[in-house]
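# A closer look at the structure
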Amino acid sequence: MNPLPMIIATIRRHLWTYLLFTLVVAIATGIGVAITSQEAALRKGSARAADKFDLIIAAPGSQTDVVLEAIYLRPGTVPLLDPAMTAQALNDQRAKIASPIGFGDSIKGSPIVGTTPDFATYLSGNWAQGRVFQSETEAVIGSAVRLKMGDKFRPSHGMAHTGHDADDDHDEEQHNVDLHVVGRMNPTGTPWDNAVIVPIELIWRVHGLPTGHAPDSQQIGRPYDPARVPGVPAIVMHPDSINAAYGLRNVYRTPVSMAFFPAEVLVKLYDVLGDVRTIMNWLAMATQGLVVLSMLAGVVAILSLHRRQFAVLRALGAPKAYIFFCVWGQVVFIAVLGALLGLLLGSGIAIIVSMVFTNSTGISLPAIIGADEYWLVAGMIVFGLVAATLPAFLAYRYPVIESLRAG
Amino acid sequence: MKSQAPALSVRDLKVIYQDQAGPVTALSIPVLNVSPGSLLAITGPSGSGKSTFLYAIAGLLRPSQGEVTWGGRILQTMPETIRDHWRRHTIGFVFQDFHLMPELSPLANVLLPASFENLSVSRALKERALMLLEGFGVPYKRASVVDLSRGEQQRVALARALLFDPPVLLADEPTASLDALAGEQVAQTLEDLSKQEGRTVIVVSHDPALINRIGTRFVLERGQARPAASMELVR
Ligand SMILES: Nc1ncnc2c1ncn2[C@@H]1O[C@H](COP(=O)(O)OP(=O)(O)OP(=O)(O)O)[C@@H](O)[C@H]1O
Ligand SMILES: [Mg+2]
């Protein structure tokens, strides 16, 4: 038995209606796919962006604010860490890398971030171009920054964010320092791709603060002179081992400082998101279910026009199963084609949303269609296969004679 | 024809419909025998049970009482799938309104019954379909049957009915939607199918041009066969 010719003929007869059904199924599936994929991408992307920020030390306050500011480079106003504590943390040998993160102005829409050569190198892995900065007049840029190697620029007037309104009485000379770009980082998929990274010493200097070293010293990076270290919004540490990380976290949990793993903050955030995700998943599934049901209602309406035709087929010797599969096949066609188109559509939406999101945050969202999305589409198809038995069974049960007489 | 036509025998047949007013006896035939190869016409006023009779002997409806036997096989006791197979290969059906699939070509329409049985159409069946269409003079290369004249469409329907070379052909008002000439051609074909090929052909019709060709007729009136409640119909 091969009901395909009949299925194709019927679909052709109602082509536009069936395409409309298919489109509706595709849109419902596509939205579901896009939502689940982007939700997963948001987790992955944001977690990956925080990957290299093992442990953060900051002044007591909101951990989320510190994460947003130090990792995602969102402008904020976290309080500065106590200078003595800053100095102790920066010089702490138990951390392989201990780097301040401080903020300057921006250039061509890219924030200027001060840190140490160690951390810049750690973030970049190896260098896409050039090398890390070695003096206060050198800078490196993230992969997406619109500057070129060798470009000169001036960390212009009034630094945007210093963590507090510093008494900006720094002199013009310091301001008129020309920086030039000596290295470009590999893409990291983090907001740092859009950052111009300079020595923290420069940030301190243009703000008229001590630079952590003797006044005439051009040194950058560790060790810092505890007497000359100003406060910073955050310090990021990269300890050797998990044990060391926990040890350091305990050390810097003091009345004047907090120490935390950004990953834990994200997990808490995802917990909240998780509930939303569950709700969204149910909503997406409910929408898809409704779409399939309304599509079924449409098919049933169309089928009632075909009762006579099915009766004729029976009179010509078609088995009841043939009628069943004629109808089943039509609905399955809509469900399968709709679901597959929905997968494409959903991927498309996900890619667009990712691009927009990456453009505005710097966090690269892997718009990956993964197991969850395939399951969603498979679920849609299975639901279609099962739901299709409904009108198929109705047609199967049509009494032949009454249908032959009808019309 | 691949098999000898089976003899039809109807015993004590009653088809009763439930109407609002109560049960309506649409058909009541105590005895009827039709020998193989007969050409038989049934006439009668509208609503007299002619179509009901055809559906009953084709095993498309379950009679309220009695049995229909073709070549010794009782339709009412056949399992449904066996009966479907039997119908495909034993009975060809032609309707007043052709009931072709407008989306399909003439050839695809004729071959449609093949899809009830197999995944793909055998070369032999395809050749048979082409032979039938050619034999009936249908311009079968048209993309769709709607491009054909009504007479041509009915001949496509005839070819479809004959695809599996059934020994029995049932036709319900086959010429009623045709003009005189096309009706004449179809009538001739039906006559040939019986007289030359030995098929049992049972035709329900009001069309004098068709009925007058057929020697054996009987009249249904309110479900009853006339003139006698029992008639022996032999060629
Ligand atoms: N499913 C049904 N329910 C109720 N009554 C029915 C049903 N099918 C047929 N009938 C009745 O049975 C009688 C016979 O109907 P049938 O269709 O066999 O007549 P017919 O001789 O073919 O008429 P026509 O020449 O108009 O085609 C009619 O009175 C009809 O109303
Ligand atoms: Mg009738």
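Predicted model only: the values in this text are computed from it and were never measured.

### Observations concerning empty space enclosed by the protein
Residues and elements named next belong to chain A. Enumeration over the complete set of coordinates arrives at three cavities of 30 Å³ or more. Around the second largest cavity, the lining residues are Arg-307, Phe-310, Ala-311, Arg-314, Lys-320, Ile-323, Ala-395, Tyr-396, Tyr-398, Pro-399, Val-400 and Ser-403. Sorting the residues of the lining of the second largest cavity by element identifies α10 (307-315), α11 (320-361), α12 (371-397) and α13 (400-405) as the ones contributing at least two each. The residue inventory of the lining of the second largest cavity, partitioned by class, reads eight nonpolar, one polar and three charged.

### Here's the deal with the packing of helix α2 (residues 15-49) of chain A against α12 of chain A
Residue and element names in this part refer to chain A. Viewed as axis vectors pointing N to C, α2 and α12 meet at an angle of 155°, and their least axial separation amounts to 9 Å. Put simply, α2 runs roughly antiparallel to α12. Relative to α12, α2 is oriented so that their crossing is right-handed. Where α2 abuts α12, its residues Val-25, Thr-29, Gly-32, Val-33, Thr-36 and Ser-37 lie against Glu-373, Leu-376, Val-377 and Met-380. Taken together, the residues of the contact of α2 with α12 break down into five nonpolar, four polar and one charged.

### Details of the site of ligand 1
Not every one of the 14 residues close to ligand 1 is listed here, only the nearest: Arg-405 of chain A together with Ser-46, Lys-50, Ser-51 and Thr-52 of chain B. One chain alone does not account for the residues near ligand 1; they come from chains A and B. Ser-48 of chain B is positioned such that a nitrogen or oxygen atom in its backbone is 3.2 Å from an oxygen atom of ligand 1. Thr-52 of chain B has a polar side-chain atom sitting 2.4 Å from an oxygen atom of ligand 1. Starting from 630 Å² of accessible surface for ligand 1 in isolation, the protein chains cover 73%. When each cavity is represented as a set of grid points, ligand 1 is found to reside in the largest pocket. Those elements that place two or more of their residues in the shell around ligand 1 are α13 of chain A together with α1 (50-57) of chain B.

### Remarks on the domain arrangement of chain A
Taken domain by domain, chain A comprises domain 1 (4-47 + 268-406) and domain 2 (77-233). On a C-alpha basis, the centroid separation for the pair domain 1 of chain A and domain 2 of chain A is 53 Å.

### Looking at the layout of surface pockets
Where empty space is left can be seen by rolling a probe of water-molecule size over the atoms. Reported here for the largest pocket is a volume of approximately 650 Å³. If you list the elements that add at least two residues to the lining of the largest pocket, you get α13 of chain A together with α1 of chain B. Tallying contributions element by element places α13 of chain A first for the lining of the largest pocket, with five residues. Class assignment for the residues of the lining of the largest pocket results in eight nonpolar, ten polar and seven charged. Each pocket or cavity is described by its volume, and for the second largest pocket that value is around 530 Å³. Along the walls of the second largest pocket sit 29 residues, with Leu-73, Gly-109, Pro-111, Pro-191 and Asn-194 of chain A positioned nearest its centre. For the lining of the second largest pocket, the secondary structure elements donating two or more residues are β2 (95-107), β3 (110-115) and α11 of chain A. Residue classes in the lining of the second largest pocket are distributed as nine nonpolar, 14 polar and six charged.

### Some words on the interface of chain B and chain A
Opposite the 23 residues of chain B that make contact, chain A presents 23 residues. Here chain B and chain A share an interface that buries about 2,300 Å² over both sides, 62% of which is from carbon and sulfur atoms. For chain B, the biggest contributors to the area lost against chain A are Met-101, Glu-103 and Phe-116 of chain B; these three give 27% of the whole. Scanning the region where chain B abuts chain A turns up four salt bridges. Residue Glu-80 of chain B is joined to Arg-314 of chain A by a salt bridge in which the shortest nitrogen-to-oxygen separation is 3.1 Å. Along the contact surface separating chain B from chain A lie eleven residue pairs in polar contact (both at pLDDT 80 or more).

### Let's talk about the pairing of strand β7 (residues 179-185) of chain A
Residues and elements named next belong to chain A. In terms of residue burial, β7 counts as a mostly covered element, since six of its seven residues are buried. As paired elements, strand β4 (residues 127-130) and β7 share three bridges and run antiparallel to each other. Directly across from Gly-130, in β7, lies its bridge partner Gly-183. When strand β5 (residues 138-141) meets β7, the two strands line up parallel, connected through four bridges. Residue Ile-141 lies in a different strand from β7, and its bridge partner there is Arg-184. Of the strand pairs in this sheet, strand β6 (residues 152-153) and β7 are connected by two bridges, and their pairing is antiparallel. Looking at β7, one finds that Phe-153 is bridged to Leu-179.

### What about a nonpolar patch on the surface?
Residue and element names in this part refer to chain A. Taken together, the side chains of Leu-20, Leu-23, Val-24, Ile-27, Ile-31, Leu-345, Ile-349 and Val-353 make up a nonpolar region of the molecular surface, amounting to roughly 640 Å² of accessible area. Mapped onto the nonpolar patch, the elements with two or more residues apiece are α2 and α11. Per-element accounting of the nonpolar patch gives the leading share, five residues, to α2. Of note, Ile-27 is situated in helix α2.

### Observations concerning helix α5 (residues 150-161) of chain B
In a regular helix each residue adds 1.5 Å, so twelve residues correspond to 16 Å; α5 of chain B covers 16 Å between its end C-alpha atoms and thus fits that length. Counting buried residues in α5 of chain B gives eleven out of twelve residues, a clear majority hidden from the surface. Among all positions in α5 of chain B, only Gly-151, Glu-152, Gln-153, Gln-154, Arg-155, Val-156, Ala-157, Leu-158, Ala-159, Arg-160 and Ala-161 of chain B are buried. Where α5 of chain B is buried, its residues touch α10 of chain A together with β6 (91-94), α3 (106-111), α4 (123-135), β7 (168-172) and α6 (180-195) of chain B.

### Some details on α12 of chain A
All names here are of chain A. Look at α12: 39 Å from first C-alpha to last across 27 residues, which is about the 39 Å you get at 1.5 Å a residue. Among all positions of α12, only Glu-373, Leu-376, Val-377, Met-380, Ile-381, Gly-384, Ala-387, Ala-388, Pro-391, Ala-392 and Ala-395 are buried. Each element contacted by the buried residues of α12 is listed here: α2, α9 (262-304), α10 and α11.

Rules and cut-offs
- Residues numbered from 1 in each chain as written.
- Chains lettered and ligands numbered in written order.
- Predicted model: local features only at pLDDT ≥ 70, side-chain atom pairs only at ≥ 80, totals over all residues.
- Heavy atoms only, no water.
- 1 Å grid on protein atoms, 1.4 Å probe; cavity = no way out; pocket = protein on both sides within 12 Å on 5 of 7 lines; lining within 4 Å.
- Points joined across faces, edges and corners; volume = space filled by probe spheres on them.
- Helix = DSSP H or I, 4+ residues; strand = E, 2+ residues; numbered from the N terminus.
- Nonpolar A, V, L, I, M, F, W, Y, C, P; charged D, E, K, R; others polar.
- Axes fitted to C-alpha atoms, helices over the stretch in contact; angles between N-to-C directions.
- Parallel < 35°, antiparallel > 145°, perpendicular 65-115°, else oblique.
- Left-handed = near helix turned anticlockwise from the far one by under 90°.
- Contact = heavy atoms within 4.5 Å.
- Near = heavy atom within 4 Å.
- Polar contact = N/O pair within 3.5 Å; in protein donor to acceptor, adjacent residues only side chain to side chain.
- Areas by Shrake-Rupley, 256 points an atom, 1.4 Å probe, with all protein chains shown as cover.
- Sits in = over half its atoms within 2 Å of the grid points.
- Domains from an automatic or database assignment.
- Buried area = accessible area lost by both parts, 1.4 Å probe.
- Salt bridge = Lys/Arg side-chain N within 4 Å of Asp/Glu carboxyl O.
- Buried < 20%, exposed > 50% of the residue type's maximum accessible area, 1.4 Å probe, protein only.
- Pairing = 2+ DSSP bridges.
- Patch = residues over 30% accessible without salt bridge, like charges linked within 9 Å, V, L, I, M, F, W, Y side chains within 5 Å.
- Expected span 1.5 Å × (residues − 1).

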